[in-house]
Amino acid sequence: MYAFDYHQPASVADAAAALAAAADGKLVAGGMTLIPTLKQRLASPSDLIDLARVDELKGIGEESGSLVIGAMTCHADVAASDIVRRSIPALARLAGGIGDPQVRNRGTIGGSVANNDPAADYPAAVLGLGATIRTNKRDIAADDFFQGMFTTALEPDELITRIAFPVPQAAAYVKFPNPASRYAVVGVLVAKTGGGVRVAITGAGADGVFRATEMEQALSADFSPKALDGIAIPSDGLNGDIHASSEYRAHLIGVMAKRAVAACV
Amino acid sequence: MLSDGIGAPLRRKEDRRFLTGKGHYTDDINRPGQTYAYFLRSPHAHARIRGIDKTAAEAAPGVLAVLTGEDLAADGIGGLICGWMIHSKDGSPMKAGPHPALAQGKVRYVGDHVAVVIAETLNQAKDAAELIEVDYEVLPAVVSTAEARTSPVRVHDDIPANTVFEWELGNKAETEAAFSRAHHVTRIDLVNNRLIPNAIEPRAAVGEYDSGMDTFTLYTTSQNPHVARLVLSAFVGLAPEHKLRVIAPDVGGGFGSKIFIYAEETVCAWAAKKVGRPVKWTAERSEAFLADAHGRDHVTHAELALDQDGRILGMRVHTTANLGAYLSTFSSCVPTYLYAPLLSGQYAIPAIYAEVDGVYTNTAPVDAYRGAGRPEATYVVERLVETAARELGMDPAELRRRNFIRPDQYPYQTPVIMTYDCGNYEASLSEALRLVDYENYPRRKAESEARGRLRGIGFSCYIEACGLAPSAAVGSLGAGVGLWESAKIRFNPTGNVLVYTGSHSHGQGHETTFAQLIASQLGVPTEQVEVIHGDTEKTPFGMGTYGSRSLAVGGSALYKAAEKIIAKGRKIAAHLMEAAEADIEFKDGKFTVAGTDRSKTIQEIAFAAYVPHNFPAGVEPGLEESAFYDPLNFTFPAGCQICEVEVDPDTGVVEIVNFVAVDDFGKIINPMIVEGQVHGGIAQGIGQALLENCVYDPESGQLLTGSFMDYSMPRAHDLPSFKVGMTITENPSNPLGVKGCGEAGAIAAPAAVMNAVTDAIGVNDLQMPASPERVWQALQRGRMAQAAE
């Protein structure tokens with residue numbers, strides 16, 4: 001690890017100010033990606049701004065048809081939350097399946113979404129449920145937020161404060177975990193909402209999370225697993241690595257999507 | 001008999017300190033004035049070093065020294081050695097390339113040690129290492145086992161075709177003749193996947209030099225501190241043996257990877273004298289992935305000849321074994337003498353011929369890993385036999401039964417060196433069939449299929465050669481050392497006992513098992529026996545702990561030392577009770593005059609020995625004895641594992657739903673520890689079969705599985721609850737009747753799992769690890785083949 005200046009602000013405003021003032025500052029939420037990167041000397045930020053003491057970023061609540069989760073809420077708290085379990089049980093299950101207990105007790109929803117790892121679970125929920133990302137500056141729709149792997153619409157001095165998930169009629173997330181890392185080789189979130197069916201896929205896309213529009217159309221017409229028969233996701237544009245070829249990932253998307261639909265109905 | 005002696009499932013004495021965080025590992029050791037070492041490692045798989053500019057690094061804050069291979073050479077420090085000579089078919093000795101502790105002229109794998117920085121803090125050492133400028137001429141690399149011999153790349157410039165040896169065992173002509181008579185020949189191509197050991201404690205070392213005494217002390221994570229001292233003295237030339245102390249304190253697992261004498265530990269000891277301060281190094285997990293010796297990595301073609309009744313007539317095997325970029329300490333014997341002599345398995349096979357080519361590649365050295373050669377042999381034999389049964393339409397249990405060596409055939413001479421001394425393979429197979437409920441398997445299979453799952457069952461009837469080994473025998477096969485053990489037992493005046501062993505415990509539970517053994521033999525409570533190991537200045541010489549040898553060899557040395565204690569005690573007791581020595585009986589800790597009620601406890605005798613006011617003439621005071629034991633034979637633990645799996649045909653995911661292991665380890669000292677060893681071994685074997693795989697990029701030679709994010713270790717949820725059973729034939733070749741239990745699980749499990757998976761999917765051509773994608777692809781191939789028919 002290289003040396004850096006460490007800040008521990010108590011408010012969003014102070015955190016944003018510290019970030020803006022730093023030459024090359026980085027926010028630390030749970031640190032699940034950043035800290036290992038620093039330890040391996042693969043990054044050398046000038047400043048680390050730790051959000052752990054910003055209380056206004058924590059907590060889970062409900063607002064007129066939406067579930068709102070503070071950016072610094074850890075996965076274990078989302079998984080265990082009665083509110084989440086009641087309103088969007090698929091989201092609680094997704095959070096409960098991230099990494100391992102250590103990760104779930106440190107890693108945060110805001111950190112995961114801001115990092116936009118192409119194999120992370122939360123981006124599938126944010127995009128699949130059509131959530132809104134609230135920042136210290138504005139609200140960003142999920143469809144505009146994810147802009148390719150590890151890339152988001154966030155500006156350099158912008159930080160996520162809350163994520164608002166519209167409560168769907170039904171939703172399910174089914175993932176095929178990498179046996180080593182527990183990241184998603186393929187993760188599919190299917191949501192049946194007032195505005196139609198949304199299908200978001202993580203783990204597979206070379207540009208990160210994406211929506212499977214052909215599946216969405218088929219499911220809007222007939223919300224059943226068999227509606228997905230014959231829909232082949234092309235393997236072009238999918239990731240291929242030592243754990244799964246793009247061809248296998250394409251196949252898994254079909255299998256996981258059907259299982260997610262089955263879990264909804 | 002003591003309630004906590006031999007046969008008692010006593011909780012491990014050592015676990016109190018481990019479970020309460022009071023273990024004392026190498027990284028816990030901090031010496032006054034200590035400095036820190038950081039190794040600059042090669043980023044290239046293969047490169048010539050044109051030059052190293054260390055000026056800037058030497059001037060960096062906190063730096064005491066920046067040392068390279070040139071400095072090693074200038075000090076006359078020799079290279080690391082391989083301690084077992086293998087001769088090729090043509091009689092030529094194996095070709096061992098130089099193995100300097102810091103690179104000299106070339107780097108040969110990603111992670112190879114180029115230079116070391118010694119600094120006041122670890123961070124300063126890392127900072128300085130970034131300032132070292134190495135001028136590399138990057139060369140093409142070869143990492144593939146199968147392509148090593150035909151690649152134009154030469155890992156060592158003067159070793160053609162990257163070939164270390166072309167070795168053979170068995171009778172080629174007789175084997176060819178057996179195949180010419182065969183009714184059926186089964187052929188199979190197998191890859192035994194490369195594994196990264198990953199003991200929970202990474203390697204570590206603290207080197208210290210005392211200029212007043214001119215002595216070195218090396219604290220290190222070693223399975224065999226005496227062997228480390230011997231090699232560092234006799235071959236590396238660090239210091240004479242009497243001026244070097246090696247201490248291996250608590251060690252958190254080894255699985256073979258801590259047998260070897262590595263570059264980093266060697267450099268820490270050497271550098272301690274150069275900088276005049278203690279030097280500490282603890283591997284980071286990333287370094288462990290890169291630079292610990294890896295395991296397995298075979299590519300094999302094997303054939304089995306059978307007659308019309310399913311009797312095996314002969315076996316021939318060709319294996320290419322990847323030994324990595326350098327020959328590690330025992331690397332050459334693993335794919336040769338620890339492998340091919342096990343190819344007879346549990347079967348009476350009249351003719352066997354095996355060829356093994358050892359090859360260099362631009363990968364980390366490969367050496368012994370739990371089972372070392374024997375898992376590879378078992379995998380070949382058991383996949384061949386299972387495949388033969390399928391091809392002949394026979395029950396796999398029945399085909400095995402038909403070919404088992406029978407209990408009345410011992411001692412049984414195989415065509416590949418070994419003389420099996422005892423066993424009962426039918427007994428362990430029958431018990432395993434009972435535990436797995438083989439009778440009702442068809443019902444379970446139908447039930448799985450009703451749920452859309454493919455169910456398969458697979459067998460693995462293994463044998464291993466443990467208890468290494470008669471020194472004369474291994475010497476004749478090329479070993480550079482003898483493989484005896486030694487022990488010392490000291491009664492203290494107050495009647496408790498110190499047991500000193502040359503073997504080393506790093507998870508095996510010696511402190512409990514050895515205490516139980518001695519407690520039973522000498523009739524003292526187990527809690528009053530303390531076992532001391534791991535320090536060359538405290539303990540008698542030992543060859544170390546590996547190959548499931550500690551109890552069979554080290555335990556037998558303890559037994560002999562205890563017999564000497566009893567013999568001396570008898571003399572003292574006879575004198576004190578005014579009886580003839582021949583009339584003294586010893587039982588349950590008491591010396592009794594035969595036919596009387598006159599007796600003395602062994603504690604009373606011990607006190608008398610240290611306070612010899614009334615003592616037999618000509619007998620030395622004190623009660624302390626030592627013994628050396630050189631085994632008469634290898635030991636041959638054997639048994640049967642049966643695995644049942646369910647495969648999800650949509651994803652290729654394999655779930656193990658039933659797993660039975662029945663082992664014959666001879667006499668059991670602590671059944672709970674034995675069962676724990678079996679569980680751990682099976683977990684590692686399942687890891688190899690389904691999850692673990694070391695992958696290098698075929699072009700760049702970069703390690704693609706360099707962390708737990710990509711290298712998949714087995715976890716609790718990957719494993720079922722194992723059903724473990726025992727059958728026992730006491731070993732006639734050592735005084736304890738024991739065989740060893742440390743490796744069996746890892747040896748047998750890969751074949752059992754793969755036989756089950758291939759049974760489930762109906763496709764035999766499947767390599768480890770049986771990852772979901774591989775299983776799914778095999779299912780697609782199977783469907784296509786069916787459609788074509």
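Starting from 1, residues in each chain are numbered consecutively following that chain's sequence as written. Think of it this way: whatever chain is written first is A, whatever ligand is written first is 1, and the rest follow in order. Since the coordinates come from a predicted model, pLDDT governs what is reported: local features require at least 70, and pairs of side-chain atoms require 80 or more to be given and counted, while whole-chain, interface and lining totals use all residues. For side-chain calculations, the full set of non-hydrogen atoms in the structure is used, while hydrogens and water are omitted.

**Student:** Teacher, can you tell me more about the overall build of chain A here?
**Tutor:** Here a strand is any run of E in DSSP of at least two residues, a helix any run of H or I of at least four, and the numbering for each starts at the N terminus. Scanning chain A from terminus to terminus reveals 11 helices and 12 strands. Its C-alpha atoms give chain A a radius of gyration of 18 Å, near enough to 18 Å, the size a compact globule of 265 residues would have. Along the first, second and third principal axes, the C-alpha set of chain A runs to 55 × 45 × 30 Å. Per-residue accessibility, obtained with a 1.4 Å probe over protein chains only, is compared with the maximum for each type, and a residue is labelled buried under 20%, exposed over 50%, and partly exposed between these values. Counting every position in chain A, which comprises 265 residues, the buried fraction comes to 54%. What makes two residues a contact is simply this: any of their non-hydrogen atoms within 4.5 Å. Look at the contacts in chain A between residues 6 or more apart in sequence, and 59% of them connect residues 24 or more apart. The method behind every accessible area is Shrake-Rupley, applied with a 1.4 Å probe, and residues are considered shielded solely by the protein chains displayed. Accessible surface for chain A amounts to roughly 10,800 Å². Of this, 50% is attributable to carbon and sulfur atoms. Separation between the mean location of the 23 positive side-chain charges and that of the 28 negative ones in chain A comes to 7 Å. Radius of gyration here is computed from C-alpha atoms only, and the compact-globule reference equals 2.2 Å multiplied by the residue count raised to the power 0.38. Charge assignment: positive for Lys and Arg, negative for Asp and Glu; neither His nor the chain ends contribute. Lys charges are placed at NZ, Arg charges at CZ, Asp charges at CG and Glu charges at CD.

**Student:** Would you explain the domain arrangement of chain A in this entry?
**Tutor:** By a frequent convention, interface size equals the accessible area lost on bringing the separate parts together. Residues and elements named next belong to chain A. Taken domain by domain, chain A comprises domain 1 (5–50) and domain 2 (59–264). Each domain's extent is set by a domain assignment, obtained either automatically or from a database. The distance between the C-alpha centroids of domain 1 and domain 2 comes to 26 Å. Each partner contributes residues to the interface: domain 1 has 10 residues there, and domain 2 has 14 residues. By buried area we mean how much accessible surface two parts lose on assembly, using a 1.4 Å probe and totalling the loss over both. Of the roughly 880 Å² buried between domain 1 and domain 2 on both sides combined, carbon and sulfur atoms contribute 74%. Put simply, a salt bridge is a Lys or Arg side-chain nitrogen that is within 4 Å of an Asp or Glu carboxyl oxygen. Our count for the domain 1 to domain 2 interface comes out at 0 salt bridges. Whenever a nitrogen or oxygen atom comes within 3.5 Å of another N or O atom, the pair is scored as a polar contact, on the condition that within protein one atom can donate a hydrogen and the other can accept it, and that pairs from neighbouring residues in sequence are kept only if both atoms are in side chains. The interface formed by domain 1 and domain 2 includes 1 residue pair in polar contact (both at pLDDT 80 or more). At 5 residues, helix α1 (residues 12–21) tops the list of elements feeding residues into the side of domain 1 that touches domain 2. Classifying every residue of the side of domain 1 that touches domain 2 by side-chain character gives 8 nonpolar, 2 polar and no charged. Any residue that is not Ala, Val, Leu, Ile, Met, Phe, Trp, Tyr, Cys, Pro, Asp, Glu, Lys or Arg is counted as polar, Gly included; the first ten are nonpolar and the last four charged.

**Student:** Sorry if this is basic, but what is going on with the domain arrangement of chain B here?
**Tutor:** Domains assigned within chain B are domain 1 (26–139 + 198–291), domain 2 (143–196 + 293–392), domain 3 (421–467 + 633–789) and domain 4 (484–629). The distance between the C-alpha centroids of domain 2 of chain B and domain 4 of chain B comes to 45 Å.

**Student:** Looking at this structure, I do not really get the nonpolar core. What am I missing?
**Tutor:** When a protein is soluble and globular, its nonpolar side chains tend to lie buried together. All names here are of chain B. In terms of nonpolar packing, the biggest core is built from 177 residues, with Leu343 and Leu690 touching the most fellow members. With residues near it in sequence (within four places) discarded, Leu690 still touches Val654, Ile656, Val753, Val757, Pro769, Ala770 and Ser771. Core analysis: the second largest hydrophobic core is formed by 44 residues, Ala573, Ala574, Ile584 and Val738 among them. In this text, buried Ala, Val, Leu, Ile, Met, Phe, Trp, Tyr and Cys residues form a nonpolar core when linked through side-chain atoms within 4.5 Å.

**Student:** Any chance you could explain the sheet that holds strand β7 (residues 163–170) of chain B here in plain terms?
**Tutor:** Two pairing modes exist for strands in a sheet, parallel and antiparallel, and in both the strands are linked by backbone hydrogen bonds. All names here are of chain B. Two strands qualify as a pair provided DSSP detects at least 2 bridges between them. Read across the open sheet, the 5 strands follow the order β7-β15-β14-β13-β8; overall the sheet is mixed. The outermost strands of the open sheet, each flanked by one partner alone, are β7 and β8 (184–192). Neighbour-to-neighbour, the strand axes of the sheet open up by a mean angle of 10°, direction not taken into account. The strands touched by helix α9 (residues 374–392) within the sheet are β8, β13 (298–306) and β14 (312–322), with β8 carrying the most contacts at an inclination of about 140°. A fitted line through C-alpha atoms represents every axis, and for helices the fit uses only the stretch in contact; the resulting angles, taken between N-to-C directions, go from 0 to 180 degrees.

**Student:** Got a minute to help me understand the sheet that holds strand β5 (residues 66–70) of chain A in this structure?
**Tutor:** All names here are of chain A. Pairing within the open sheet is antiparallel, and its 5 strands lie in the order β4-β5-β8-β6-β7. On the outer flanks of this sheet lie β4 (60–63) and β7 (139–141), each paired with one strand and no other. Taking the axes of each pair of neighbouring strands and ignoring which way they run, one obtains an average angle of 25° across the sheet. As judged from the 4 bridges shared by β4 and β5, these two strands associate in the antiparallel manner. For Glu63, the partnering residue across the bridge sits in β5 and is Ser66.

**Student:** Even after reading the chapter, I still don't get the pairing of strand β18 (residues 454–463) of chain B, so can you show me in this structure?
**Tutor:** The two faces of a sheet get side chains in turn, since along a regular strand they alternate between them. Residues and elements named next belong to chain B. Most of β18 is tucked away, with 9 of its 10 residues classed as buried. Sheet topology note: the β18/strand β26 (residues 638–647) ladder contains 10 bridges and is antiparallel. Within the sheet, the bridge partner assigned to Ser460 lies in β26 and is Gln641.

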